[in-house]
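Remarks on the overall topology
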Amino acid sequence: MKYATIAAICITLFFCALFAGCTSPTQAEIKPVGTTVTTPVPETTATVVETTTTLESVVPLPANLYVDLQLTKDRPTSNIHLLYNGGNGEIYVQSVRMKVTRSDGTVTDQLMDGGNQPRRGDEMVVLGTRNGDHCEVWVTTSGKVYKIIDENLYAIQ
């Protein structure tokens, strides 16, 4: 009779602990639900715009953050193409920005994929001129801005 009473008490305590929530990992569920990660992203983007205006020299990406970008100029149309091919650091890339100063003085400043994180195969196309254009490309990765391309482009004739 003692064993039946002890077993009933143990089962009752087990169900009380189960329904009280003492056995559930509440801390692991609370962290992903928080929206604090999405709030700093616009602030970082605003800071990036201010920071990119102060960068002047080309800085290569560190090996662990490297992404492949191909800058070309189309011969018949003089369009400037920037192709994103990904790389070791593609998961850290936040945005890619290209600024083209045409020979007629027109400046075009664009973010790849509307400012979202680019994916392999994303491409930006900007209208260029036959006389030559100046192109600058910045990559924002891990919260830092790197100017990785700064060159003059000419349509080969």
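Now for a description of the structure that goes with this document. (Residues numbered from 1 in each chain as written. Predicted model: local features only at pLDDT ≥ 70, side-chain atom pairs only at ≥ 80, totals over all residues. Heavy atoms only, no water.)

Next up on the list: the sheet that holds strand β5 (residues 123-126). The antiparallel open sheet is built from three strands, whose spatial order is β1-β2-β5. What marks the edges here is a single partner per strand, and that holds for β1 (69-73) and β5. Averaged over all neighbouring strand pairs, the angle between strand axes comes to 15°, with direction disregarded. Pairing of strand β2 (residues 80-84) with β5, which is carried by four bridges, proceeds in the antiparallel orientation. Bridging across to β5, Leu83 finds its partner in Glu123. (Pairing = 2+ DSSP bridges. Helix = DSSP H or I, 4+ residues; strand = E, 2+ residues; numbered from the N terminus. Axes fitted to C-alpha atoms, helices over the stretch in contact; angles between N-to-C directions.)

Okay, unusual backbone geometry next. Phi angles above zero are rare outside glycine, and Asp113 is one such case at about 55°. Position of Asp113 among the secondary structure elements: in the loop between β4 (107-111) and β5. The exposure class assigned to Asp113 is partly exposed, which follows from its relative accessible area of 31%. Here the phi dihedral of Ser142 falls at roughly 50°; this positive angle occurs in a residue that is not glycine. If you trace the backbone, Ser142 turns up in the loop between β6 (133-141) and β7 (144-153). When its relative accessible area of 43% is taken as the criterion, Ser142 is described as partly exposed. (Buried < 20%, exposed > 50% of the residue type's maximum accessible area, 1.4 Å probe, protein only.)

The tally for this structure, following the rule as stated, stands at zero aromatic pairs. For the cation-ring pair, Arg97 lies above Trp138, with the distance from its terminal atom to the ring centre recorded as 4.3 Å. (Phe/Tyr/Trp six-rings, centres within 6.5 Å; stacked < 30°, edge-to-face > 60°. Lys NZ or Arg CZ within 6 Å of the ring centre and 35° of its normal.)

A contiguous nonpolar patch, built from Ile11, Phe14 and Phe15 and spanning about 320 Å² of accessible area, is present on the exposed surface. When you line up the elements, Ile11 lands in helix α1 (residues 2-20). (Patch = residues over 30% accessible without salt bridge, like charges linked within 9 Å, V, L, I, M, F, W, Y side chains within 5 Å. Areas by Shrake-Rupley, 256 points an atom, 1.4 Å probe, with all protein chains shown as cover. Salt bridge = Lys/Arg side-chain N within 4 Å of Asp/Glu carboxyl O.)

Once that is clear, we can look at the pairing of β4. Pairing analysis gives five bridges linking strand β3 (residues 93-101) to β4, with the strands arranged antiparallel. Pairing of Val100 across the sheet is with Thr108, part of β4.

If you look at the biggest cluster of nonpolar residues, it comprises 22 residues, and the most contacted ones within it are Leu69, Leu71, Leu82, Val96, Met98, Val137 and Ile148. Residue assignment for this core shows that the elements contributing at least two residues are β1, β2, β3, β5, β6 and β7. Those residues in contact with Leu71 that lie beyond four places of it in its chain are Ile80, His81, Leu82, Met98, Cys135, Ile149, Glu151 and Leu153. (Core = buried A, V, L, I, M, F, W, Y, C linked by side-chain atoms within 4.5 Å. Contact = heavy atoms within 4.5 Å.)

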